[in-house]
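# Structural overview
Listed below are the residues making up each chain.
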Amino acid sequence: MCVSYTLLAAEGSQFESPGPGDFEYPPIFGEGTFFTKPMLIIVVATVLVAVLFFLAARRAAAVPGKGQFMGESIYGFVRNGIALDTMGREGLRFAPYLATLFAFIVTLNISGIIPFVQFPATSRIAIPLFLAVISCVIFNTIGIRRQGFLGYFKNMMFPPGIPKLVYVLLAPIELVSTVIIRPLTLMLRLTFNMFAGHLVLLLFILGGEFLLLEKGGLVGIAAGSISLLGSIVLTFFEGFVQILQAYVFVLLTALYIGGAMSEEH
Amino acid sequence: MTAVPPDDRGRRGESDAFAAFGLITGGVFFWGGVGWLVSEWLDNSLFVMLGLLLGMGGGLYLVWLRYGRG
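Residues numbered from 1 in each chain as written. Chains lettered and ligands numbered in written order. Predicted model: local features only at pLDDT ≥ 70, side-chain atom pairs only at ≥ 80, totals over all residues.

## As for the confidence of the model for chain A
All names here are of chain A.
- The share of residues in chain A with pLDDT of 70 or more is 92%, and the mean pLDDT across the chain is 87.
- Looking over chain A, one finds the lowest element-wise mean pLDDT in helix H1 (residues 2-11), namely 45, and the highest in helix H4 (residues 95-110), namely 94.
- Between residues 1-10, whose pLDDT stays under 50, and residues either more than four places distant or in other chains, the model counts three contacts. (pLDDT = per-residue confidence, 0-100. Helix = DSSP H or I, 4+ residues; strand = E, 2+ residues; numbered from the N terminus. Contact = placed C-beta atoms within 7 Å.)

Structure below.
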C-alpha cells in the first residue's frame, strides 16, 4: 500500500494541498547559509522605500516627476488621512514615521502578488511582531511622557465612576488589553491576513494547474479552468486586502498614539 | 492637554470596535489565566471556568462603562 502511494505521488497524480510548509524557504545560497527568500524581499523592500522617499524629498521640483508624485501621494495620504484625522495637528510629528511604516508594509504585502516574487513577507510572523513591538513602545512612551508614569497607568487602569472594590477586577483587564492585547492583535491581524491570503492563492493556482495538467479529462479541464480564472479574481482581491491591512495597521498605531496623548475616559 | 475635542476626532469610532474586542479578550486572558493558576494550585478545574466567566463579565462591564453610557 505504502509503496503504491509513493509511486502515485512520484508520478504526480496525487495532489498535495498547500500548507504551512509552503512558507518555509530553503537558503538561497545553498545548504549552511541563512539568507532566504523572505529576507531578500525585506531587504529589497527596505531599499525601495528608502529610495522612493529619498528621491521624492531630494529632487523636490515644482513639477513633480513620477517618483516624487508617488512619494508625495503616499506621504500626503498618510499625513492628512491618518495622522491629522486621528491626532489633530499634534499628529503631524508622527506623519513621517507613519508614512514610512505604511509604505514598508504595503511593499512587503504587495510582494505576494507581484509575478515571480509572489510571497508576502509579512506572512512570516517575525516582521509584524517587530513592527507591533515598535508601535507598542511608541504609544506607551508617548503616554508616559505626556501623563507621567503614574498618571498614564492610573488613567489607563482606573476609569472613574466605579466602586473601589471593583477595580481589583477591572484594573488588570485594562492593563492587559492595552499593553498586551493591542500589539498582539496588531501582529496577528497582519500576519494571518497575509498567511491566509497566500494560502488561498496557492490552493487556487496549484489546484487549477493540477486539475488542468495532471487530472485532465472533461471534468479536470473545466474545473481547472474555473479555478485558474478564479485565481485571477482572487489576486486582485488579495491586492485590495494587502493595501487595506497595511492601512489598518498604520491607522491603529496612530489611534493608539493619539489615545495615549489624550487619555480622558 | 487635549489636542482636539473628542467629538472632532473623526476616526475614533473605528478604534472603538477594536478596543471593545481588546477589553473582552484581555479580561478572558487575564482572569482565565489566574483561574488556571489557582486550579493548578488547588487541583480543582472549576476555577478555570470561574476565572473565564469573571474575566468575560469584567471585560463586558468595562465596554459598557466606556461606550455604553452614552
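More follows now that the structure is in view.
## Side note on helix H7 (residues 167-215) of chain A
- Largest kink in H7(A): about 40 degrees, centred on A:Ile181, with the proline A:Pro183 one to four residues after it.
- At the exit of H7(A) stands A:Gly216, carrying a positive phi of roughly 65 degrees. (Bend = angle between axes of the 7 residues up to and from the residue.)

## A closer look at the packing of helix H3 (residues 66-87) of chain A against helix H8 (residues 217-261) of chain A
Residue and element names in this part refer to chain A.
- Contact geometry of H3 with H8 gives a least axis separation of 8 Å together with a crossing angle of 30 degrees. As the angle between them shows, H3 and H8 are arranged roughly parallel. Seen along the crossing, H3 lies across H8 with a hand that is right-handed. Contact with H3, carried on its side by Val 78, Ile 82, Ala 83, Thr 86 and Met 87, involves Val 250, Leu 251, Ala 254, Leu 255, Ile 257, Gly 258 and Met 261 of H8 and no other residues of that element. (Axes fitted to C-alpha atoms, helices over the stretch in contact; angles between N-to-C directions. Parallel < 35°, antiparallel > 145°, perpendicular 65-115°, else oblique. Left-handed = near helix turned anticlockwise from the far one by under 90°.)

## What to know about the packing of H4(A) against H8(A)
Residue and element names in this part refer to chain A.
- Their axes nearest at 9 Å, the elements H4 and H8 cross at an angle of 155 degrees. Considering their axes alone, H4 and H8 lie roughly antiparallel with respect to each other. In this structure, H4 meets H8 at a crossing whose hand is right-handed. Between H4 and H8, the contacting residues are Leu 98, Leu 101, Phe 102, Ile 105, Val 106, Asn 109 and Ile 110 on the first element and Gly 239, Gln 242, Ile 243, Gln 245, Ala 246, Phe 249, Val 250, Thr 253 and Ala 254 on the second.
- Partitioning the contact of H4 with H8 into residue classes produces 11 nonpolar, five polar and no charged. (Nonpolar A, V, L, I, M, F, W, Y, C, P; charged D, E, K, R; others polar.)

## A short note on the environment of A:Ile113
Residues and elements named next belong to chain A.
- Turning to its location among the elements, Ile 113 is positioned in the loop between H4 and helix H5 (126-147).
- Using a count of 21 C-beta atoms within 10 Å as the deciding quantity, one classes Ile 113 as buried.
- Along the primary structure Ile 113 and Gln 242 are separated by 129 residues, whereas in three dimensions their C-alpha atoms are 9.3 Å apart.
- Apart from the residues within four sequence positions on either side, Ile 113 is in contact with Gln 118, Thr 235, Glu 238 and Gly 239. (Buried ≥ 20, exposed ≤ 12 C-beta atoms within 10 Å, placed from the backbone.)

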